[in-house]
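# Structural characterization, general
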Amino acid sequence: MLTTNTEFLHPELMDVVRLFGENAPDVAHTFLYAENNFINTVLVGGREYDFCEAHACANELEFKRYAKRFAKLAVYEALRKETGRSMPWGALTGIRPTKLAYAELEAGRPFEPMFEKFGVSPENIALVRSVLQSQEGIYSKEEGAADLYIGIPFCPSKCNYCSFITADISKTGQYVGDYLTALEQEIASCRGLYRRLKSVYIGGGTPLVLSESELGRVLEAAAPFAADAGEYTVEAGRPDVFTDEKLQLLKDYGVTRICVNPQSFCDATLERIGRRHTSADIYRAYEMAQKFGFDVNFDLIAGLTGETCEEFEESVDRAIALSPENITVHTLCLKKGAQLKEEESFLNVERIQEMIAYSRERLSQSGYVPYYMYRQKYMAGNCENTGWTKPGKACVYNVDVMEEITDNLACGANAVGKKIFLHEGRIERQGAPKDIPTYIKKIDGIIAGKRALFGGK
Ligand SMILES: C[S@@+](CC[C@H](N)C(=O)[O-])C[C@H]1O[C@@H](n2cnc3c(N)ncnc32)[C@H](O)[C@@H]1O
Ligand code: SF4
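Residues numbered from 1 in each chain as written. Chains lettered and ligands numbered in written order. Predicted model: local features only at pLDDT ≥ 70, side-chain atom pairs only at ≥ 80, totals over all residues. Heavy atoms only, no water.

### Let's talk about the sheet that holds strand β3 (residues 37-44)
Our working rule: We treat two strands as partners when DSSP finds at least two bridges between them. Numbering of helices and strands runs from the N terminus, with a helix taken as a DSSP run of H or I at least four residues long and a strand as a DSSP run of E at least two residues long. What counts as an axis is a line fitted to C-alpha atoms, over the stretch in contact for a helix, and the angles between N-to-C directions run from 0 to 180 degrees. It only takes one pair of heavy atoms within 4.5 Å for two residues to be counted as in contact.
The mixed open sheet is built from four strands, whose spatial order is β1-β2-β3-β4. Edge positions in the sheet fall to β1 (2-4) and β4 (47-54), since each has one partner strand and no second. Each neighbouring strand pair of the sheet contributes to a mean axis angle of 15°, computed without reference to strand direction. In the sheet, β1 pairs with strand β2 (residues 27-34) via three bridges, with the strands oriented parallel. Bridged to T4 within β2 is H29. On top of the sheet, helix α1 (residues 10-19) reaches β1 and β2; it is set at about 145° to β1, its chief contact. Strands in contact with helix α2 (residues 60-83) are β2, β3 and β4; relative to β3, the strand with the most contacts, it is inclined by about 30°.

Pasting the structure below:
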C-alpha cells in the first residue's frame, strides 16, 4: 500500500512501488517544497528516510517534473535500502529511457550522471549509450517527416502470452472484406499529409494470415506511399502462414524487410504458448525469406511459460547462427490482453535478468549492435525490449516510433496516430477504435480526424 500527501505524485510513486513486486512493503510518503528545496520523507518498515534536493524551477511545469523525479527517487531509495534489492533501471519507470537521455544531451549535459543518480545499472547505461550511437544518422528531427503504419488485426490463432489487440481469424473472418475497404480509404486519405515519408510498416496481428488477394489489396493501397519511402517492412509474422506466393507478392510490391518471428526455437515451448508451429517451420520460413532476398527480423521473448534459461539461451544461439539482419529480444510482459495472467516466471526476476544478460553478451559478440529499446509496465524482471541489428541494417521505422521524432500516420483498428509538434515540444495522439466493426462503422469520422490533425503537415 502507498499513501502520499500529494495527489499528483501518487501514480508515479505507485509505478516505483510496483517495481518491488506484489510483496513490496507499505510506503507512507510526504512531500514538502520550501525555498527551492524538494523535501521527501518516506516511511517504510517502521523506518524513516529523509531526502532533500535543491533546484530552482522556472515555471509550474518544471516544478511538477522535478517534484515527480525527486519523489520517485526518494521512494526508490527507501525501498532499495529497506529490501536490499536494486532494479536494473533504478527509479526510472518510463517507457523510453533513450528519450530521457536525448533530453539531457539537448540540454547540453551528458546523460550518464542523471542515470547514475537514478540508480540505473552500469550495464543499462552502456546499453543506452550504444543505442544512441547506433541511431546516429537515423535520429533526426525534421518538421513534416512521417512514417506510415498499417494495422492488420487478424491472426491464425491467439498466442496465450500475446498482449496485442488482435483476434483469431476464425472468429473475425467475416469482417475482413469490410475491414479492408475501410482500411483502403484510410490509407488513401494519408496522401498529402507529409513532406517526407521515411518508411511504410504493415504490422499486426499477422498480415500474412490474409489470403493472397486480400494481402494484394493492402499492398496495392500502400503502393503509392511505398514509392515515396526508403524502407518497407511487413511483419509477416508466424512461420505457419508463409507461402512462396505471398512472399512473391511482397517482393513484387517492393517490400524490403519482413519479420519471421520464432519467439522460441524450443518445440515444447512453442506448443505451450499456442503458436501452432514448430522450430522446423521457422527454418523453412527463414529459408523462403532469404530466397526472396528480404532483410529479416526475428522476434524472441525471454520469460515464456516454463522456459528454462538454457532453452532461451539456445534460442538466442540458434537465431544468431541463422544470421538475420535484425533480432529483437522482448521480455515477457503481462497485460490484460494476454491469457496468461498469473505467470510464475513473471516473478522470477533473477532468471529473466540472466536471460537478458546472456542475449546481450552473445549478440554483441556476434556483431550485432542495439539500435532501439523500450520498456513497458509489468515487464518480467523489470527488464526491457531491445532491437539488435547488423551494422547499417537498423529499421528506421522502429527508431522513429520509439524516439517519437516523426509523425506516425497510423491506419487501422486500434492504430494510434501521432502528430509531433517539434517546436512546441508536444505530441498529439489520435486513437482508432479497438473493435473491428466499430472501426468499420466510424471510418468517415476517423479519416476526418486524421486530416484535421495532420492536414497542416
Ligand atoms: C504485434 S506482435 C506481431 C507478431 C506476429 N504476429 C507473430 O506472432 O509473429 C509483435 C511482437 O510482440 C511480441 N509480444 C507480443 N506479446 C508479448 C508479450 N506479452 N510480452 C512480450 N512480447 C510480446 C512478440 O515477440 C511479437 O512477435
Ligand atoms: S504473437 Fe503474433 S500471432 Fe500470436 S496472437 Fe500476437 S500478434 Fe497474433
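### As for the site of ligand 1
Basically, it comes down to this: One heavy atom suffices: a residue is near a molecule or strand as soon as one of its heavy atoms comes within 4 Å of it. In protein, a polar contact requires one atom able to donate a hydrogen and another able to accept it; more generally it is a pair of N or O atoms within 3.5 Å, and residues adjacent in sequence count only if both atoms are side-chain atoms. Using the Shrake-Rupley algorithm and a 1.4 Å probe, accessible areas are obtained, with residue cover drawn only from the displayed protein chains.
Not every one of the 19 residues close to ligand 1 is listed here, only the nearest: Y161, Q263, R275, D299 and C333. Taking T206, its side chain carries an N or O atom lying 3.0 Å from a nitrogen atom of ligand 1. Bound to the protein, ligand 1 loses 94% of the 570 Å² it would expose on its own. Breaking the shell around ligand 1 down by element, the ones donating at least two residues are β9 (231-237), β11 (295-302) and β12 (326-331).

### Quick word on unusual backbone geometry
So the rule is basically this: A simple rule labels every residue: compare its accessible area, found with a 1.4 Å probe on the protein chains alone, to the largest value its type can have, and call it buried under 20%, exposed over 50%, or partly exposed in between.
Here the amide bond leading from G204 into G205 is cis, since omega sits at 5°, within 30 degrees of zero. Turning to its location among the elements, G205 is positioned in the loop between β8 (196-204) and α8 (212-226). The backbone of N414 sits at a positive phi, close to 70°, despite the residue not being glycine. Here N414 lies in the loop between β15 (407-411) and β16 (416-421). By relative accessible area, which is 26% here, N414 ends up partly exposed.

### A few points about helix α9 (residues 244-252)
Because the α-helix completes a turn every 3.6 residues, residues three or four places apart line up on one side. Stated precisely, the cut-off is as follows: In this description, the arc belongs to the directions extending from the helix axis to the C-beta atoms.
Listed as buried for α9 are K246, L247, L249 and L250. For α9, the angular spread of the buried residues around the axis is 155°, confining them to a single face. For α9, the secondary structure elements touched by its buried residues are α8, β9, β10 (257-260) and α11 (279-291).

### Some details on the domain arrangement of the chain
Threshold: Domain extents, as shown, originate in an automatic or database domain assignment. By definition, the buried area sums, over both parts, the 1.4 Å-probe accessible area that each loses when the two are put together. In the sections that follow, a salt bridge refers to a side-chain nitrogen of Lys or Arg positioned within 4 Å of a carboxyl oxygen of Asp or Glu.
What the domain assignment lists for the chain is domain 1 (1-85), domain 2 (88-134) and domain 3 (145-411). Look at where the C-alpha atoms of domain 1 and domain 3 centre, and you get two points 37 Å apart. With five residues of domain 1 at the interface, the matching set in domain 3 holds six residues. Counting the surface lost from both domain 1 and domain 3, the interface buries some 390 Å², and carbon and sulfur atoms represent 46% of this. Looking only at domain 1, the three residues that lose the most surface to domain 3 are R18, L19 and E22, adding up to 73% of its buried area. Along the contact surface separating domain 1 from domain 3 lie zero salt bridges.

### Comments concerning the nonpolar core
Condition: Among buried residues, those of type Ala, Val, Leu, Ile, Met, Phe, Trp, Tyr and Cys that are joined through side-chain atoms within 4.5 Å constitute a nonpolar core.
Ranked by size, the top nonpolar core spans 87 residues in total, and within it F242, L250 and I258 carry the most contacts. In terms of residue count, the dominant contributor to this core is α8 (seven residues). Discounting chain neighbours no more than four positions away, the residues touching F242 are L208, A236, G237, L247, I258, C259, V260, R284, A285 and M288. If you look at the next biggest cluster of nonpolar residues, it comprises 45 residues, including L9, V75, W89 and F115.

### Overview of the pairing of β10
As a reminder, the rule being used: A clockwise course of the path from the first strand over the helix to the second, judged with the strands pointing away from the viewer, identifies a crossover as right-handed.
With burial as the criterion, each face of β10 is covered, one bearing R257 and C259 and the other bearing I258 and V260. Handedness of the crossover joining β9 and β10 through α9: right-handed. Bridge count for β10 against β11 is three bridges, and the pairing is parallel. Pairing of I258 across the sheet is with V296, part of β11.

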